[in-house]
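Observations on chain architecture
Read off the chains here:
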Amino acid sequence: MNERYSPDNLWRAYRHCWFVVARSCDIDTPKAARLLDHDLVVFRDKSGRAQVTDRRCIHRGADLAAGTVTDHGIQCPYHGWSFDGSSGMCTHIPSLDPSSPIPPNARIGGYRVVERYEHVWTCLDEPFFDIPSPPELDGLDLEWRPAAPIPARCGFMAATENFRDMAHFPFVHKATMGNVPSAIPALDVKRDGRRLSVSFQYDQVEQAHFSSIGNAMMHYHSYAPGFAAILYDYGETGKRYLVDFPTPVSRTECVIHWGVAIDSQFQGGTIEDILKLETAVFDEDTPILEGLTPPEVPLSGGWQEVSCPADIYTLNYRRAVKFVVDTILDRLEHESAAGR
Ligand code: FES
Ligand SMILES: [Fe+2]
């Protein structure tokens, strides 16, 4: 076992990474979420700003997901305490005489929030890396659709890895992708820190729902620990984009947040068609993911696995995850040694 990548250490590092906790379209009323075994509530306050706070009220533990949004925060459904969404500070206690001060420790956690790709992102601690902005999206005018999130009984790295694994297509996705050749060409995977990419030609397969508008160049681009995207470039018939950001809920559960986008040239159907197609593909993946043993990528070892050349992308993904974890833990250890 490599204790450096023990589950506790991974959780410590991932608190400093951005993850998606909801779709932007789902938070007009407070919505419960769970990230790294931490219960959260996600909501849009009355000023229109997305907020993420602890789900548990600090007074007597009521569920803030059943609360009411205020101008800049949320009000508890039990005794009406109000909390500011950004700082988490209690701003009003209805039972308190107005001349009495609010106890200074009456606060809940309030977390950083960014809305990007039609999703709400949060980070439980100081972020070490930005939310990815893949350069291939620069200058593209894309129409986006966030997909319905998929809860899966597997670790989020296993789900992220699945998204960039190509050798499973002819077995798991025969119904949607058709008779994809099983041999994987030598892949020129490039990794730079936490980023990795590979491009290859995807030839149209007869009868496949997946490729009805012709051959495409597929550009895979991933950022550890939980961002994976594919740009399908069909040349004159346009481009489409598929993006996947699984969220670690617990050590053995994740929620696969994902979405699709097309550019204005795209002639392979409407954005709804693409969403439906990719939903069918994800529905083929989930039962496989939920059958994995162990349910998460065994980054610290302890399980025998045998890899082959087709796994080069996933092996590089694991290296990229370790790069992220090492970068964060090294700095945390350095700061702790320096007494900060
Ligand atoms: S439990 Fe939330 S105000 Fe009392
Ligand atoms: Fe798949």
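Residues numbered from 1 in each chain as written. Chains lettered and ligands numbered in written order. Predicted model: local features only at pLDDT ≥ 70, side-chain atom pairs only at ≥ 80, totals over all residues.

A short note on the domain arrangement of the protein
For the protein, the domain assignment lists domain 1 (13-123) and domain 2 (135-324). The gap between the C-alpha centroids of domain 1 and domain 2 is 32 Å. Between domain 1 and domain 2, the residue contacts involve 15 residues of the former and 14 residues of the latter. Sorting the residues of the side of domain 1 that touches domain 2 by element identifies α1 (7-14), β1 (19-23) and β2 (31-35) as the ones contributing at least two each. Looking at which element gives the most residues to the side of domain 1 that touches domain 2, the answer is β1, with four residues. Among the residues forming the side of domain 1 that touches domain 2, the class breakdown is 10 nonpolar, one polar and four charged. (Domains from an automatic or database assignment. Contact = placed C-beta atoms within 7 Å. Helix = DSSP H or I, 4+ residues; strand = E, 2+ residues; numbered from the N terminus. Nonpolar A, V, L, I, M, F, W, Y, C, P; charged D, E, K, R; others polar.)

Describing helix α6 (residues 312-337)
Every α-helical turn comprises 3.6 residues, leaving residues that sit three or four positions apart pointing alike. In this model α6 runs 37 Å from its N-terminal to its C-terminal C-alpha over 26 residues, within 8% of the 38 Å that 1.5 Å per residue would give. Those residues of α6 not exposed but buried are Y313, T314, N316, Y317, A320, V321, V324, V325 and I328. Taken together, the buried residues of α6 touch α1, α2 (156-163), β13 (190-192), β14 (195-202) and β15 (216-223). Directly after α6, the chain includes G339, whose backbone phi takes a positive value near 75°. (Expected span 1.5 Å × (residues − 1). Buried ≥ 20, exposed ≤ 12 C-beta atoms within 10 Å, placed from the backbone.)

A short note on the packing of α1 against α6
Between α1 and α6, the least distance of the axes is 9 Å, while the angle of their chain directions is 80°. The pairing of α1 with α6 is recorded here as roughly perpendicular in orientation. Contact residues: N9, L10, R12 and A13 in α1; V324, V325, I328 and L329 in α6. Here the contact of α1 with α6 is composed, by residue class, of six nonpolar, one polar and one charged. (Axes fitted to C-alpha atoms, helices over the stretch in contact; angles between N-to-C directions. Parallel < 35°, antiparallel > 145°, perpendicular 65-115°, else oblique.)

What to know about the nonpolar core
The biggest cluster of nonpolar side chains holds 78 residues, and the ones touching the most others in it are V21, L35, V42, V120, A159, C254 and V324. Both of domain 1 (13-123) and domain 2 (135-324) provide at least three residues apiece to this core. In this structure L35 touches F19, V21, L40, T122, L124, T247, P248 and V249, once residues within four positions along its chain are discounted. (Core = buried A, V, L, I, M, F, W, Y, C linked by C-beta atoms within 7 Å.)

Brief notes about the sheet that holds strand β10 (residues 119-123)
Spatially, β1-β10-β9-β4-β3-β2 is the arrangement adopted by the six strands of the open sheet, whose pairing is antiparallel. Edge positions in the sheet fall to β1 and β2, since each of these pairs with one other strand and no more. The sheet shows a mean angle of 35° between the axes of neighbouring strands, direction not considered. (Pairing = 2+ DSSP bridges.)

Quick look at the environment of P94
Structurally, P94 is set in the loop between β8 (90-92) and β9 (110-116). In this structure P94 comes out as exposed when scored by C-beta crowding, with 10 C-beta atoms within 10 Å. Expressed as a C-alpha distance, the spacing of P94 and P127, which sit 33 residues apart in the sequence, is 35 Å. Excluding residues that lie within four positions of it along the chain, P94 makes contacts with H79 and G80.

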